[in-house]
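Notes for the structure review
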Amino acid sequence: MDIISFILNWRHKNMMKRIAPYVDLCPETIYDKGFTVDLRSPEASKIYLSTGKHCVLAGTYIFETGLGHIRIGDRVHIGGSTFISINSIEIGNDVTIAWDCLFYDHNSHSTDWEERKRDTEQEYQDLMSGTDPIKNKDWSVVKSAPIKICDKAWIGTGCKILKGVTIGEGAVVGAGSVVTKDVPPWTVVGGNPADVLKVLQEKTENG
């Protein structure tokens, strides 16, 4: 094993040990070396990430506050994508998510200038004092809403899935799409903002 592989393995093992009290990771799943959980202000005895069985998971899972939860079902593949939650992100069974996708269940800042004008100054002061740069941010003015990815969906590379979106069963989201509204089941959507391009034949358990 070369030195770079040794360091990556060491970091991965230490990260897994550090997050253990806050996650429910199924042992019947493969966690890629790029699998990362970033807990900014975790609450004691709270589970932030739970996973199902027979998944292959990479990606970065970020919880910026003491809130948020991400649940991943069974037989899910996730490439090197990013999930940021202060609300809820739910991923069903048999879902495929490619690389470089972003799932963001909140706005990060208020759309009202008066409510967000101190965000950067507060961040600067916190960094200068050695504090987490978003620990003292006013999250009460930031809108959030759950994201739900239903069973059998496939999300192509480079997609952005924004707050409040439900992607229906069996839906396909084309590469590079920005999804701002619900996606009907068994459709192909694409574009910015994503829109329906094609209707697929619904597949049941028997065919």
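Presented here is a report on the structure given in the accompanying data block. All chains use their own residue numbering, which begins from 1 and follows the written sequence. Totals for whole chains, interfaces and linings use every residue, but because this is a predicted model, local features are given only for residues with pLDDT of at least 70 and side-chain atom pairs only at 80 or more, for both listing and counting. The basis for the side-chain values is all heavy atoms of the structure; hydrogens and waters are excluded.

1. Considerations on the pairing of strand 19 (residues 187–191)
The element strand 19 is largely enclosed, with a buried count of 4 among its 5 residues. Pairs of strands are assigned from DSSP output, requiring at least two bridges between the strands. Here a strand is any run of E in DSSP of at least two residues, a helix any run of H or I of at least four, and the numbering for each starts at the N terminus. In terms of strand pairing, strand 19 meets strand 20 (residues 194–199) through 5 bridges, oriented antiparallel. Looking at strand 20, one finds that V188 is bridged to K198. In this scheme, a residue with accessible area under 20% of its type's maximum is buried, one over 50% is exposed, and one in between is partly exposed, where area comes from a 1.4 Å probe on protein chains only.

2. Some details on the sheet that holds strand 16 (residues 166–167)
Pairing between the strands of a sheet comes from backbone hydrogen bonds, and it takes one of two forms, parallel or antiparallel. The sheet built from 6 strands is open, its strands ordered 1-4-7-10-13-16 with parallel pairing. The outermost strands of the open sheet, each flanked by one partner alone, are strand 1 (23–24) and strand 16. Note that strand 4 (residues 49–50) and strand 7 (residues 70–72) share 2 bridges and pair parallel. Residue L49 lies in a different strand from strand 7, and its bridge partner there is I70.

3. Observations regarding the packing of aromatic side chains
Two rings belonging to Phe, Tyr or Trp (six-membered ring only in the last case) form a pair when the distance between their centres is within 6.5 Å. Interplanar angles under 30 degrees mark stacking, angles over 60 mark edge-to-face geometry, and anything in between is tilted. Evaluated as defined, the whole model comprises 6 aromatic pairs. Between F83 and F103, the ring centres sit 4.5 Å apart and the planes meet at 10°, which makes this aromatic pair stacked. You can see F83 sitting in strand 9 (residues 82–84) and its partner F103 sitting in strand 12 (residues 102–104), a full 20 residues away along the chain. By the burial criterion, F83 is buried, and F103 matches it. Ring pairing ties together the aromatic residues Y31, F35, Y61, F83 and F103, which thus form one cluster. Residue placement shows K46 over the ring face of Y48; its charged tip is 4.9 Å from the ring centre. Two thresholds decide whether a charge sits over a ring: the Lys NZ or Arg CZ must be within 6 Å of the ring centre and within 35 degrees of the ring normal.

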